[in-house]
Amino acid sequence: MVAGIASGSGKAEEIAAQFNIAKTYNSYEAMLQDPEIDAVYIPLPNHLHKKWTLEAAKHGKHILCEKPASLTADETKEMVEFCREHNVKFMEAFMYQFHPQHERVREIIKSGEIGKVKFMRASFSFSLAQREGSIKTDPEKGGGSLYDVGCYTIHAVRNIVESEPVEVHVHANIDSDYQVDTSAFGYMQMENGVHAHFDCSFDMVFRAEYEVIGTEGQIIVPRAFRPDNHGGEGLVIVQKEGVTREEKIVADIYREEVEHISKVILEDGEPSYSGENAIQNMRVIEACYQSIKTGNIFKLV
């Protein structure tokens, strides 16, 4: 149950009325001081995630923090460790992963139906029309396509092929006005031998997809990151020996995510998406930025 909403902009009451939320707070501190609040969702701009995660943990609140967890792997590690020290649950909010279509993809891979996986490609792009004043184009607030949507593509590759990158090589288009990456195009060599490409952009048509290529077939997931745009309907397409099979799976990714972290809190369990996984995703994102900066391959081992 959503018990309350806090806003620093004075819009809390307006949003609360729209969504029938009982309590409103005109500051984040006021919400954190309320003993009736058990957990908080932090959807703030990227550069504020660390500050308010630590503040929430100090007040004993469990935390669902919007992706990317922070701006660096060290920051994310500090957040994860601080939450453990204060005995609160922490999970980075990659909502897409809770759609069962991804577990189905892993099942198909493990069944051997498409043979040995050799390559994976992941894409997430959209056309960002309003750039002036947007947090997505503010470098001080963690703007840029890699932080905003590229994080999904990296996360998907790591968690679908179940391996970590040993090296990355990334090129990007840097906007001369805003000094953030508006597109990024990357290659990752995975520890298990799989090759992977990803792309992310504010300058291309909407795509939110990935495909996995094996020695005997391929899997295409065209609604990978935003199945909610299709009423929650995910789509897994398997192509093998000239035959195409489609599997449709329906789920509410946001509901699944919230119910998962709620169960973890109520049963004193551990999130299926661990803090270590979140730290590693940030480590890869950092490596990608280092590659963009230097123009060179960046090795993670």
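Everything in this summary refers to the structure shown in the same document. The structure presented is a predicted model; accordingly, all values stated were derived computationally and were not measured.

## Things to note about the overall build of the chain
- Along its length, the chain carries 8 helices and 14 strands.
- Its C-alpha atoms give the chain a radius of gyration of 20 Å, within 12% of the compact-globule value 19 Å for 301 residues.
- Counting only C-alpha atoms, the chain reaches 60 × 45 × 40 Å along its principal axes.
- For the chain, long-range pairs separated by at least 24 residues make up 63% of all intrachain contacts whose partners lie at least 6 apart in sequence.
- For the chain, the accessible area works out to roughly 14400 Å², and carbon and sulfur atoms hold 49% of it.
- Side-chain charges in the chain split into 31 positive and 47 negative, and the spacing between the mean points of these groups amounts to 3 Å.

## With respect to unusual backbone geometry
- Between Lys67 and the following residue, Pro68, the backbone shows a cis peptide bond with an omega angle of -20°.
- Located in the positive-phi region is Asn20, a residue other than glycine, with phi close to 60°.
- Positive phi outside glycine occurs at Gln179, with the angle close to 60°.
- Mapped onto the secondary structure, Gln179 falls in the loop between strand 7 (165-174) and strand 8 (181-190).

## Topic: the sheet that holds strand 5 (residues 90-93)
- Reading across the sheet, the 3 strands line up as 3-4-5 and stay open at both edges, with parallel pairing between neighbours. A strand with exactly one partner marks an edge of an open sheet, and here the two such strands are strand 3 (39-42) and strand 5. Between one strand axis and the next, the sheet turns by 15° as a mean value, whatever way the strands run.
- Note: strand 3 against strand 4 (residues 62-66), 4 bridges, orientation parallel. Looking at the pairing, Tyr41 lines up with Leu64 of strand 4.

## Side note on the nonpolar core
- Within the largest apolar cluster, 82 residues are counted, with the highest numbers of intra-cluster contacts made by Ile63, Tyr210, Val212, Ile219 and Phe225.
- No other element matches helix 6 (residues 145-160), which puts 9 residues into this core.
- In this view, Phe225 contacts Met95, Tyr96, Ser123, Phe124, Tyr152, Thr153, Ala156, Ala208, Glu209, Tyr210 and Ile253; residues no more than four positions away in its chain are not counted.

## Brief notes about the sheet that holds strand 7
- Judged by pairing direction, the sheet is mixed, and its 9 strands sit side by side in the order 13-12-11-10-6-9-8-7-14 without closing on themselves. Unpaired on one side and paired on the other, strand 13 (243-250) and strand 14 (298-299) mark the two borders of the sheet.
- As paired elements, strand 8 and strand 9 (residues 195-201) share 7 bridges and run antiparallel to each other. Across the sheet, Gly186 pairs through a bridge with Phe198, a residue of strand 9.
- Lying over the sheet, helix 8 (residues 275-294) contacts strand 7, strand 8, strand 9 and strand 14, oriented at roughly 55° with respect to strand 7.

## Points about the packing of helix 3 (residues 49-58) against helix 4 (residues 73-85)
- The N-to-C vectors of helix 3 and helix 4 enclose an angle of 10°; their axes lie 9 Å apart at closest approach. On the basis of the axis angle, helix 3 is roughly parallel to helix 4. From helix 3, His49, Lys50, Thr53, Leu54, Ala57 and Lys58 reach across to helix 4, where they touch Glu75, Glu78, Met79, Phe82 and Cys83.
- The residue inventory of the contact of helix 3 with helix 4, partitioned by class, reads 5 nonpolar, 2 polar and 4 charged.

## So, the environment of Glu66
- Here Glu66 lies in strand 4.
- Taking the C-alpha atoms as reference points, Glu66 and Glu107, 41 residues apart in sequence, are found 28 Å from one another.
- Sequence-distant contacts of Glu66, defined by excluding residues within four places in its chain, comprise Tyr41, Ile42, Pro43, His49, Ala93 and Tyr152.
- Separated by 2.5 Å, the side chains of Glu66 and Tyr41 make a polar contact.

Definitions and limits used
- Residues numbered from 1 in each chain as written.
- Predicted model: local features only at pLDDT ≥ 70, side-chain atom pairs only at ≥ 80, totals over all residues.
- Heavy atoms only, no water.
- Helix = DSSP H or I, 4+ residues; strand = E, 2+ residues; numbered from the N terminus.
- Rg over C-alpha atoms; globule rule 2.2 N^0.38 Å.
- Contact = heavy atoms within 4.5 Å.
- Areas by Shrake-Rupley, 256 points an atom, 1.4 Å probe, with all protein chains shown as cover.
- Lys, Arg positive; Asp, Glu negative; His and termini not counted.
- Charge placed at Lys NZ, Arg CZ, Asp CG, Glu CD.
- Pairing = 2+ DSSP bridges.
- Axes fitted to C-alpha atoms, helices over the stretch in contact; angles between N-to-C directions.
- Core = buried A, V, L, I, M, F, W, Y, C linked by side-chain atoms within 4.5 Å.
- Buried < 20%, exposed > 50% of the residue type's maximum accessible area, 1.4 Å probe, protein only.
- Parallel < 35°, antiparallel > 145°, perpendicular 65-115°, else oblique.
- Nonpolar A, V, L, I, M, F, W, Y, C, P; charged D, E, K, R; others polar.
- Polar contact = N/O pair within 3.5 Å; in protein donor to acceptor, adjacent residues only side chain to side chain.

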